[in-house]
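Per-entry structural report
If you want the building blocks of each chain, they are given just below.
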4 protein chains.
Amino acid sequence: MTSSKSQDSPSPPVGLWLIGGRGGVAACSIFGMLLLRRNAVPPVGLVTAQSAFHKAGLIPFDRVLIGGHEIRAARLVDEIRAFHRTNRVFLPDWIDLLEAELDDCDARIRWGTLSGASSAIRGLAAPDVPRDASPWEAVRRLQQDLAAFQQEHGLRHVVVVNVASTEPPADSAAFPTSWEELEKALAGGELSPPPSTLYAVAALSEGCSYINFTPSLGASLPALTELAEIRRTRHMGCDGKTGETLMKSVLAPMYRARNLQVLSWVGHNIFGNLDGRILDDPQHKATKVRSKDHLVGDILGYAPKTVVSIEYVEDMGDWKTAWDHIHFSGFLGTPMVLQFIWQGCDSLLAAPLVLDLFRLTERADRAGISGTMPFLAPFFKSPYGVSDNDFFSQHGALLDWVASLSKDA
Amino acid sequence: MTSSKSQDSPSPPVGLWLIGGRGGVAACSIFGMLLLRRNAVPPVGLVTAQSAFHKAGLIPFDRVLIGGHEIRAARLVDEIRAFHRTNRVFLPDWIDLLEAELDDCDARIRWGTLSGASSAIRGLAAPDVPRDASPWEAVRRLQQDLAAFQQEHGLRHVVVVNVASTEPPADSAAFPTSWEELEKALAGGELSPPPSTLYAVAALSEGCSYINFTPSLGASLPALTELAEIRRTRHMGCDGKTGETLMKSVLAPMYRARNLQVLSWVGHNIFGNLDGRILDDPQHKATKVRSKDHLVGDILGYAPKTVVSIEYVEDMGDWKTAWDHIHFSGFLGTPMVLQFIWQGCDSLLAAPLVLDLFRLTERADRAGISGTMPFLAPFFKSPYGVSDNDFFSQHGALLDWVASLSKDA
Amino acid sequence: MTSSKSQDSPSPPVGLWLIGGRGGVAACSIFGMLLLRRNAVPPVGLVTAQSAFHKAGLIPFDRVLIGGHEIRAARLVDEIRAFHRTNRVFLPDWIDLLEAELDDCDARIRWGTLSGASSAIRGLAAPDVPRDASPWEAVRRLQQDLAAFQQEHGLRHVVVVNVASTEPPADSAAFPTSWEELEKALAGGELSPPPSTLYAVAALSEGCSYINFTPSLGASLPALTELAEIRRTRHMGCDGKTGETLMKSVLAPMYRARNLQVLSWVGHNIFGNLDGRILDDPQHKATKVRSKDHLVGDILGYAPKTVVSIEYVEDMGDWKTAWDHIHFSGFLGTPMVLQFIWQGCDSLLAAPLVLDLFRLTERADRAGISGTMPFLAPFFKSPYGVSDNDFFSQHGALLDWVASLSKDA
Amino acid sequence: MTSSKSQDSPSPPVGLWLIGGRGGVAACSIFGMLLLRRNAVPPVGLVTAQSAFHKAGLIPFDRVLIGGHEIRAARLVDEIRAFHRTNRVFLPDWIDLLEAELDDCDARIRWGTLSGASSAIRGLAAPDVPRDASPWEAVRRLQQDLAAFQQEHGLRHVVVVNVASTEPPADSAAFPTSWEELEKALAGGELSPPPSTLYAVAALSEGCSYINFTPSLGASLPALTELAEIRRTRHMGCDGKTGETLMKSVLAPMYRARNLQVLSWVGHNIFGNLDGRILDDPQHKATKVRSKDHLVGDILGYAPKTVVSIEYVEDMGDWKTAWDHIHFSGFLGTPMVLQFIWQGCDSLLAAPLVLDLFRLTERADRAGISGTMPFLAPFFKSPYGVSDNDFFSQHGALLDWVASLSKDA
């Protein structure tokens, strides 16, 4: 990350652009932001609502305009109603209250791209999604959407957050490592990257910030870090750390601190939302499992046996349940066991983090930071440019950065 | 804590004196130290065996002599054999190997005191335990045991660790706050403190360090901190943080960092060792529950509903099993649940911490520290003089202190 | 139980009278019955909806009229709305749909009695609840309510079900064992039984059936079984078997069948509904714990260590969560562990059983059965007159009785 | 099954022949039987030790001689010592006591066959295992071993029990359905069945009883039931019901009886014994998962979503841990959850059932029963010829059969 001077006044509005704009995480993020804006709910789950962040000059939610890309035909308010009924969360009165505002957001959601998309994703797509002639055409179309959003609403800056379904694994080694070569390969039609990368190229080229909340390839390429630096913008990822992996990043340091030897760490996850349906495809699942699995060994400094599974169980809806079984050796080789069961509503764990990431990234823009943002590591399973996966170290670094902002202000 | 110059060479041997010297924790500590000394086991579970502690000049185990006080008639090696059979831990070959060395330790264990002891404790006592004429007589007898131990073996210093059964709650407000007055009240027979306090008075008066690994009153009195300062010695406590409470001190900061609101935290503990049998007495249990219960609210900064229970279930032996149910509110008031089940062999969780505390306290003596030792907070449920119960903050402070020692060395 | 001839046509309506008529279980029972009557929900959880019961001539719900006694001031529809919001169950549309019908039921709920009530119960009571001059006066007033209900609506029969809060334990040995003596003692003002017994006396004297769904004393007296026989009516109880205890009655027979030796069975229950608030009073809790605890030993034929706790945790609402830890010895003395965690909405587990019991009891009336009804044992933790607590034996006996009815029909 | 007259005196000794004779289940069965014979342990876990079986004329263990087939080079007593150390079960004194007797059994274990074996099994085999020229040659060799065992020791009857590792799935539809054709195909070298079937053919042809304790194909063929009838002998299987599936067969009937709708039943199993290492091969695992998975739907009469996984986690040793998550719908469509965690030592759960099956099968021989033995269904996940998977129905049928024997005796 590189820091430079920048003006600090957030007076013109700022845009939050969500890839997968009508999915569960996006819907909960939008709905939650509208409720927070009206003070209809306390800001529980929002990290940036805490006192440590009060003096950091973060943008208030009434200065935010939302738009996005989406490939499914749906109405945001209907998605929220369905979410309420399936998962037994929210008060229905809130939905009635916000119906018009939700429709207003909906009107700013544009068609995403299917260029490079897997068949599982194509299976969800509306017939109206434009068939882009090439990846490069797709990038240009997506870029125009972002530019139009910014110009039409006089936005000071736009932060793009990818909250779409997880893609199959992509081999990042197959991509050129400089932006010049990558751009040439894309423009020349020699490469067919997954949609997440096209969205990232479009966002960064347009000067937007780009946050990869998924484990998809997205901007996880050296060439795109270079592009961010060139365009004086910033990106971060990947894969929001919401539940089971958050627990891993909290408990593994305990084992390390106490010198207790983890023999095996088995984690089974079941859930039934749309993300789960896509992950039920073995190709897509591989990306997610990889992202969830490296952490324990990284923190401990040795490699215990690990098992990670994610199973699609439709009747669970958005309620992701994880059972983790940690078999460890204590003093004098005594085997002991810790098990935990996490029962959380997945999209509602993710949504406040999306809002936090938006606010912190927007602030980083005003602080003149470009490239990756390592201080955002506590939000991610696989933070770009950060090798320390201890949650509390990461959280400490975030607090330090926030404190440095407060001093400036 | 106060720091002053001191010689750094540990060449004369050092004493470790265990109150409750034939109990489960003491037996496992002694047995483990003898095995570690022979490199018969890897130092799993020993915090001070990690590389961060290598340059801190900690005492090696072959320079340590063990003694103690005990009120039960038993043979240490038999206690270890029974522990092995009941709890299915250790290799039996180890016990055969160490039989003579264990008997050697046994020979240095002296009768403790029953002055001020509860009826539950008296029920365990051997008929031969001396009936001290007064608390003051008891202190003098205990003191003589410590002095004899030190002189006979030419010990540079003695660290006393209380690993005896938990006592009923004592009202520390009823005690004088200065050592002068407390000494006068004790000598005059006006006070009848519990045994743990008599052991602490004896140890500190004799210039020994005193570690309260239990939730008993012990040295948790301002007058005794003053005595430690007067005698240029040190003390710390209380209540070793081995399992369920360790988890609380790790997980509560996660809730705080993520601004998730804990609604209730229910913890049920079952176990069947001697400590459990004593805790089955409601008076004794009250002390333990109080020590386990304050932590969550302290860390969170608000007071969720908490329930803590400890039940004596004899067939569980030393295998303490805890079920914790944490009901929390996430984004938009969504109630979620985390549960954990901890299955650990309690005395074998405690034993390496006793050895760690001994080594670190002995080092603090050589570093010239007197009074309380806040850097030892990560080892305790209710650390003296420390209000921050976040495990990782505490552990960071310990590492900082150890790093400062390394710089000196 | 005694059987005699009886007419079989259910054409005139039948009454269901609920003691605690606006409490959680009553509200869910009433609400559920109204929904079932409209076929708005499938009959999940209703035992008598299964094919084995189709030919037994059970009463359809459109022939049922509901009334009750209650000591709290509340509106049924408001209680259901609050239950919905607190516990995130039901569709709100259902409540709107049934508002008028619920108010109609409400209008048939009369003031219960506080004669003999504990202070915890008195604390809930509306100021308007009549202060009965004596227990006998209370019985007479309650009886008049039942008679008026029956006459006003031309009811063929009334089944009274006690779903009020659990009372403190009452010593049944202190009561006369014949109805003649009990009646004399009541009329003479020599006895002051708890309300549940007054309701039972009133119901049975009036010829109503009486079902004790709680662990309260109620009709658990030989003198009241005699009264039921005299009045050719019937009663059964006690304490509905809905969750954790149901599991015990299912799992303990597995241990018995496999000759695996249960060492200890620990069960902890947390919940936060009104019943829980009353149970938080140690006196009331004792009754419940006793009812939950005897079962395991009864089934196994020996007495393992058992622990049963019930804790009031308000934020859990009606979601009762139980953790059971079963430590057992297998082949060659190998200790093994089974744990289960039950997360159920308590009133919604109870409600269909109340409806089942009503239908089966009403059928027993037409079958001419008087006294206790052992075939209803699978519904109770402590079934009157039944010593076999194996759930499947009990369920088999129910199916046999139902099959015998089908043959008659 | 067909029943005919038979003499009832068990005076000549009887043989128990174990396929996989030095594996974990065999070793625990043998070790346990030797301990039971000496009354060194109480018969916990042995179904046939209960009073209901006392008058059934079952064979006492001092009339039993053990032999077996095995493809690994090992010494039984060493396997038991390793089992003790790895799994922390047994008293080591017992092993010393029985060393000579175990060696004596060892001397009666012969080389099994690798004809038709998977590469995973071949990987375990000793170099000395004979390479049979054809399946038919293998059958003849195995048969000779059984005949020699019987003749040499004057055995009245031999019961063969397959406790070897699980084989990959075999398509039973590919085999001829009559014994005449199957024999011809085998003799003509047209078929290459898995080892389990060769053992079964050898056993049944020789007039031995054959019990398939594994999910392998074994005797699960109509042609082999015919062979059993022709030879007036008997067989039963398959797959011993020891832990998680036992729980399913106990809990699913509870859901059925209470008309609660199971939405999904997810079961994850982890363990680390040799059976687990073989099951880690995806082909072998498929057989096991299939056997564990059908039961819930069979009992409920509808098909909820199910997930079954078995993972090899070496450090768990023989301690199989299963987590089951049962999501069910209660009254008014309310979703609720039951979870259980089973922690059992797998081979020690299986071993007493092997001894029970041996005793009951030997008794069935004397009772003149031939063909399948449906009364043994409670011991199996997929009982031959039995469609009712309700554990208590099955156990009731066993008790009925045993009671009928007692009447005869």
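Here goes a summary of the coordinates provided. (Residues numbered from 1 in each chain as written. Chains lettered and ligands numbered in written order. Predicted model: local features only at pLDDT ≥ 70, side-chain atom pairs only at ≥ 80, totals over all residues. Heavy atoms only, no water.)

1. Quick notes on helix α7 (residues 195-205) of chain C
All names here are of chain C. Taken across its 11 residues, α7 has 11 buried, putting it largely inside the fold. Residues Pro-195, Ser-196, Thr-197, Leu-198, Tyr-199, Ala-200, Val-201, Ala-202, Ala-203, Leu-204 and Ser-205 constitute the buried set of α7. Positive backbone phi, approximately 85 degrees, marks Gly-207, located one or two places after α7. (Buried < 20%, exposed > 50% of the residue type's maximum accessible area, 1.4 Å probe, protein only. Helix = DSSP H or I, 4+ residues; strand = E, 2+ residues; numbered from the N terminus.)

2. What to know about the relation of the copies chain A and chain D
Rotating chain A by 180 degrees and moving it 0.0 Å along the rotation axis overlays it on chain D with an RMSD of 0.0 Å. When the rotation and shift are considered jointly, the pair of chain copies conforms to a two-fold rotation axis. Comparing contact sets, 100% of the residues at the interface of chain A also lie at the interface in chain D, consistent with an isologous, same-surface contact. (Least-squares fit on C-alpha atoms with pLDDT ≥ 70 in both. Contact = heavy atoms within 4.5 Å.)

3. What about the interface of chain A and chain B?
By a widespread convention, an interface's size corresponds to the accessible area lost as its parts come together. Contacts between the two partners involve 60 residues from chain A, matched on the other side by 60 residues from chain B. Of the roughly 4,600 Å² buried between chain A and chain B on both sides combined, carbon and sulfur atoms contribute 69%. Together, A:Arg258, A:Phe331 and A:Leu332 form the three largest contributors to the area buried by chain A at its contact with chain B, with a combined 21%. Inspection of the region where chain A meets chain B yields zero salt bridges. Run the count over chain A and chain B and you get 16 residue pairs in polar contact (both at pLDDT 80 or more). Looking at the side of chain A that touches chain B, the elements that each hand over two or more residues are α1 (24-37), α9 (244-257), β9 (319-329), β10 (335-345), α12 (346-366) and α13 (391-408) of chain A. When residues of the side of chain A that touches chain B are assigned to their parent elements, the largest contribution, 11 residues, is made by β10(A). The residue makeup of the side of chain A that touches chain B, split by class, is 44 nonpolar, 13 polar and three charged. Inspection of the sheet shows β10(A) paired to strand β10 (residues 335-345) of chain B by seven bridges, in the antiparallel sense. Note on β10(B): the bridge partner recorded for A:Gln339 is B:Ile341. (Buried area = accessible area lost by both parts, 1.4 Å probe. Salt bridge = Lys/Arg side-chain N within 4 Å of Asp/Glu carboxyl O. Polar contact = N/O pair within 3.5 Å; in protein donor to acceptor, adjacent residues only side chain to side chain. Nonpolar A, V, L, I, M, F, W, Y, C, P; charged D, E, K, R; others polar. Pairing = 2+ DSSP bridges.)

4. Looking at the interface of chain A and chain D
In this complex, chain A contributes 24 residues to the contact, which on the side of chain D involves 24 residues. Here chain A meets chain D over a buried area of about 2,000 Å², counting both sides, of which 64% is carbon and sulfur. Per-residue buried area on chain A facing chain D is highest for A:His268, A:Asp315 and A:Trp323; these three make up 25% of the total on that side. Counting the contacts that link chain A with chain D gives nine residue pairs in polar contact (both at pLDDT 80 or more). Of all the elements in the fold, those that place two or more residues in the side of chain A that touches chain D are β7 (261-271), β8 (305-312), β9 and β10 of chain A. Residue composition of the side of chain A that touches chain D, grouped by class: 11 nonpolar, nine polar and four charged.

5. Describing the relation of the copies chain A and chain B
Two copies of a chain can be linked by a rotation about an axis combined with a shift along that same axis. Here chain A sits on chain B after a turn of 180 degrees about the axis and a move of 0.0 Å along it, with an RMSD of 0.0 Å. When the interface residues of chain A are mapped onto chain B, 100% of them again lie at the interface, so the same face is used by both copies.

6. Overview of the packing of aromatic side chains
Applying the stated rule across the entire model yields 36 aromatic pairs over all chains. Following the ring pairs from residue to residue traces out a cluster consisting of A:Tyr255, A:Trp265, A:Phe328 and B:Trp342. For B:Arg359, the ring lying beneath its charged end belongs to B:Phe61, and the centroid distance is 4.9 Å. The ring of D:Phe271 has D:Lys320 sitting right over it, with the charged end atom 4.6 Å from the ring centre. (Phe/Tyr/Trp six-rings, centres within 6.5 Å; stacked < 30°, edge-to-face > 60°. Lys NZ or Arg CZ within 6 Å of the ring centre and 35° of its normal.)

7. So, the sheet that holds strand β5 (residues 209-212) of chain C
Residue and element names in this part refer to chain C. The seven strands are arranged β3-β2-β1-β4-β5-β6-β11 in an open sheet whose pairing can be described as parallel. One side of each edge strand has no neighbouring strand; the edge strands of this open sheet are β3 (109-111) and β11 (371-372). As paired strands, strand β1 (residues 14-19) and strand β2 (residues 64-70) are joined by six bridges and run parallel to one another. In the strand pairing of β2, Val-14 is matched with Val-64. Relative to strand β6 (residues 234-237), helix α8 (residues 222-230) is tilted by about 145 degrees, and along the sheet it contacts β6 and β11. (Axes fitted to C-alpha atoms, helices over the stretch in contact; angles between N-to-C directions.)

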